[in-house]
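# Observations on chain architecture
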Amino acid sequence: MPMRASRFHLATLKETPVDAEIVSHQLMLRAGMIRRHAAGIYSWLPLGLRILRKVEQIVRQEMDRAGALELLMPSFQPAELWQESGRWDQFGPELLRLKDRHERDACIGPTHEEIVTDIFRREVNSYRQLPVNFYQIQTKFRDEIRPRFGVMRSREFIMKDAYSFDLDRDAMQRSYDIMDQAYINIFDRFGLDYRAVSADSGAIGGSTSQEFHVLADSGEDAIAFSDQSDFAANIETVEALTPTGERAAPSAAMETVDTPGMHTIADLAAGLGVKAQQCLKTLIAEAEDGALVALVLRGDHELNVLKAERLEGVASPLRLAQREQIIKLLGVDIGSIGPIGLEIPTFVDHGAAQLSDFVCGANQDDKHLINANWGRDCAEPATADMRNVVAGDPSPDGKGQLRILRGIEVGHIFQLGQKYSESMQATVLDEQGKTTHPFMGCYGIGVTRVVAAAIEQNHDEHGIIWPSTLAPFQLAICPINYHKSELVKQAADEFYQKCQARGLDVFLDDRALRPGVMFSDMELIGVPHRVVFSERGLSAQQFEYKGRRDASAQELPLDDLAGFLERLFPG
RNA sequence: CGGGGUGUAGCGCAGCCUGGUAGCGCAACUGCUUUGGGAGCAGUGGGUCGGGAGUUCGAAUCUCUCCACCCCGACCA
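So, a few notes on the structure that sits alongside this text.

Reading the values: rules and limits
For every chain, the first residue of the written sequence is number 1, and numbering continues from 1 along that sequence. Lettering for chains starts from A, numbering for ligands starts from 1, and both go in the order in which the items are written. For a predicted model such as this one, the threshold for reporting local features is a pLDDT of at least 70, and the threshold for listing and counting side-chain atom pairs is 80 or more; totals across whole chains, interfaces and linings nevertheless cover every residue. Neither water nor hydrogens contribute to the side-chain values; these are computed over all heavy atoms in the structure. Here a helix means four or more residues in a row that DSSP labels H or I, a strand means two or more in a row labelled E, and each is numbered from the N terminus. A simple rule labels every residue: compare its accessible area, found with a 1.4 Å probe on the protein chains alone, to the largest value its type can have, and call it buried under 20%, exposed over 50%, or partly exposed in between. Residue contacts are defined here by distance: any two heavy atoms, one from each residue, within 4.5 Å place the two residues in contact. Only the protein chains shown count as cover for residues, and the accessible areas themselves come from Shrake-Rupley with a 1.4 Å probe. This count recognises Lys and Arg as positive and Asp and Glu as negative, with His and chain-terminal groups excluded. Every charge is mapped to an atom, namely NZ of Lys, CZ of Arg, CG of Asp or CD of Glu. A cavity here means a set of points on a 1 Å grid, drawn over the protein atoms and nothing else, where a 1.4 Å probe fits but cannot get out; a pocket is an open set with protein on both sides within 12 Å along at least five of seven lines, and a residue lines either one if it has an atom within 4 Å of a point. Grid points are joined across faces, edges and corners, and a volume is the space filled by probe spheres set on the points. For this classification, Asp, Glu, Lys and Arg are treated as charged, while Ala, Val, Leu, Ile, Met, Phe, Trp, Tyr, Cys and Pro are nonpolar and the rest, including Gly, are polar. Throughout this document, a residue counts as near a molecule or strand when at least one of its heavy atoms sits within 4 Å of that molecule or strand. Residues adjacent in sequence count toward polar contacts only when both atoms are side-chain atoms; beyond that, a polar contact is any pair of N or O atoms within 3.5 Å, and within protein one must be able to donate a hydrogen and the other to accept it. Stacked, edge-to-face and tilted labels apply to pairs of Phe, Tyr and Trp rings (six-membered ring for Trp) whose centres lie within 6.5 Å, assigned for plane angles under 30 degrees, over 60, and everything in between, in that order. To form a nonpolar core, buried Ala, Val, Leu, Ile, Met, Phe, Trp, Tyr and Cys residues must be joined to one another through side-chain atoms within 4.5 Å. Paired strands, in this sense, are two strands between which DSSP finds at least two bridges. Axis lines are fitted through C-alpha atoms, for helices just across the contact stretch, and the angle between N-to-C directions can take any value from 0 to 180 degrees.

When helices and strands are counted, chain A shows 16 helices and 31 strands. Projected onto its principal axes, the C-alpha coordinates of chain A cover approximately 90 × 70 × 50 Å. Buried positions account for 53% of the 571 residues belonging to chain A. Taking as baseline every contact in chain A between residues at least 6 positions apart, the subset at least 24 positions apart corresponds to 68%. Of the roughly 26400 Å² of accessible surface on chain A, 49% is carried by carbon and sulfur atoms. Of the charged side chains in chain A, 60 are positive and 83 negative, and the gap between their average positions amounts to 6 Å.

Encoded structure:
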């Protein structure tokens, strides 16, 4: 839709609202795309909605093209369906529960497996109707513990969710592969730099879950890639290969040293003049039975929560012990704990187990051990993989080294199998007339999050830089002295008509403003192309063009305006 | 939910310590001048100082309490 500024609600802010922490949130507020009403609850103003619709349209077209069928399911969902699937009890407080006037339990849908399965079991009876994939683009509600970063993690948000149904596992895999390809098409069309990564660790039989991440330094997830193969996975799932070399032999006797005030690895490394990777980091977690368990890592490594939760006896979800509890049970404060002489179950990461002559806490306040050695100063430890991989680690597929990038998760596809079809008694008759539970897949895209992620990845000091496919307007016309100069008005109006005739989302800034204001606004809202008409230029038979990423504008011949438009927007 | 912080005009802030009845910049509105990078001058409107209670002759300011929001940790698209 073409638009004149005088008829549009352009609501840009010169100053940055203080409570917006990340760039995308700041720019969305400044550009006038969204406004907040409560924590994690936003309105989309006309400008923001235009972008949201572009994202939705791309998603819709590619889903349709992949053979999925759009429908629309309710936000308000009766508790009975959730009780049937068992999730009424499993889901935490993130599920917003409520009662209607008849005191009947219900919830506002955070996702729609129950509803879609209910639809399926009523509508589909025969294998002849399979495969089928229903999808919707709809508002979800998740009562996040801490909504933050604007629409990046809001409580109410728009999601595209799709659900496939197939007769058997192989067919489910085919439906999944179709969605995988559809997602690639969708993300390609967004024009964003993204990666599809495995979100499943060592599952046999290939990947059954993939996340799609938009790459951005501010991303909350870390993604590991091989530099020599197509291996890519969320870091939380990546195996750290066990070191193959022999551990070096002890070279010095163990000693206790005073380390007053040194409570972190950084303190210790600086205070003793050693490297962090020569120190041990001992974390104390709660055990399943309420007691404590020690997790020992190399000083420069980070604990991987998913891996730790899988260790025998460690409570899941992982909970690090409270300081008071540690002092009470171990008799030593955080910062001086070490594995030697520690009387609780202890797991040592392979990296830490490989060290010799290491530094670790002495289990006495403000004291550490130096030149400690496994096997000599204590028993050989129970080892496990429990750290996050780091850049330079070998790739788990044996090819190349890992690189780490940060990403924002905007899509997730996975295979559900028969979880819901069994619990909710959804069945079809197969070719033998036998009743069978279909295999499901489920495929999500965070539509509102895509918008924020696009900004997070594409902005500069002046504002947003939209990829052309997502831009609210493809082209902005900035006439200088539109209200004073008949010449300028005529040129601008005529060009606006031409753009409109080509079906472009063109924006004509017909406000009686100084050029600087128009330019700043168009840059802030991220319009990819700008054309300027002025008395000066027109009398020299010229117009001005500047791409959003261009360093400077260029003067172009007026008689080539049509050709220029044709080249900029072919077809 | 734990830890930290903030609530004063649409936005950004000062005033609070040391009580005396609210101010600045931007934005908005009117007029004039301006028109190639967020203009100038003159004027105008807008605030239960987050809510409630208390202390006091008097509370934005002191006390208590409730609420909202933001940031850091466990969840997820």
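This part takes up the layout of surface pockets. Where empty space is left becomes clear once a probe the size of a water molecule has been rolled over the atoms. When its volume is computed, the largest pocket comes out at roughly 910 Å³. Lining the largest pocket are 36 residues; nearest its centre among them are R142, F157, M159, E409 and R449. Residue assignment for the lining of the largest pocket shows that the elements contributing at least two residues are β9 (156-166), β21 (402-417), β24 (439-446) and α12 (447-457). Broken down by element, the residue count for the lining of the largest pocket peaks at seven residues, all from β21. Of the residues belonging to the lining of the largest pocket, the class tally is 16 nonpolar, eight polar and twelve charged.

Surrounding RNA strand B, one finds 45 residues, the nearest of these being E409, N481, E523, S534 and E544. Interatomic distance of 3.0 Å between a backbone N/O atom of A39 and a phosphate oxygen of RNA strand B. The contact in question runs from a sugar or linking oxygen of RNA strand B to an N or O atom on the backbone of V410, over 3.4 Å. Where the surface near RNA strand B is concerned, the elements lending two or more residues are β2 (34-38), β9, β21, α14 (515-524) and β29 (529-533). No other element matches α14, which puts seven residues into the surface near RNA strand B. Looking at the surface near RNA strand B residue by residue, the class counts come to 15 nonpolar, nine polar and 21 charged.

To continue, consider the packing of aromatic side chains. Per the stated rule, a full pass over the model turns up 17 aromatic pairs. Both rings, one in F8 and one in F507, keep their centres 6.1 Å apart while their planes meet at 80°; by these two values the pair is edge-to-face. Within this pair, whereas F8 is found in the loop between β1 (3-4) and α1 (23-30), its partner F507 is found in strand β28 (residues 506-508), the two being separated by 499 residues in sequence. A single burial state applies to F8 and to F507, both of which are buried.

Quick look at the nonpolar core now. Ranked by size, the top nonpolar core spans 67 residues in total, and within it M28, M33, F187, F190, V451 and W466 carry the most contacts. Every residue in contact with W466, bar those within four places of it in the chain, is listed here: M33, I51, V451, A454, I455, A471, P472, I525, G526 and P528. The next biggest cluster of nonpolar side chains, apart from the first, holds 26 residues, and it includes A79, L95, A426 and C442.

Our next topic: the sheet that holds strand β31 (residues 554-557). Across the sheet, six strands lie side by side as β1-β28-β27-β29-β30-β31; this open sheet has mixed pairing. Here the strands that pair on one side only, and so sit at the sheet edges, are β1 and β31. Bridge count between β29 and strand β30 (residues 542-547): four bridges; the pairing is antiparallel. When the bridges of β30 are listed, V532 appears paired with E544. Seen against the sheet, α14 touches β27 (475-479), β28, β29 and β30 and runs at an angle of roughly 170° to β27.

Just distances and angles here, no functional claims.
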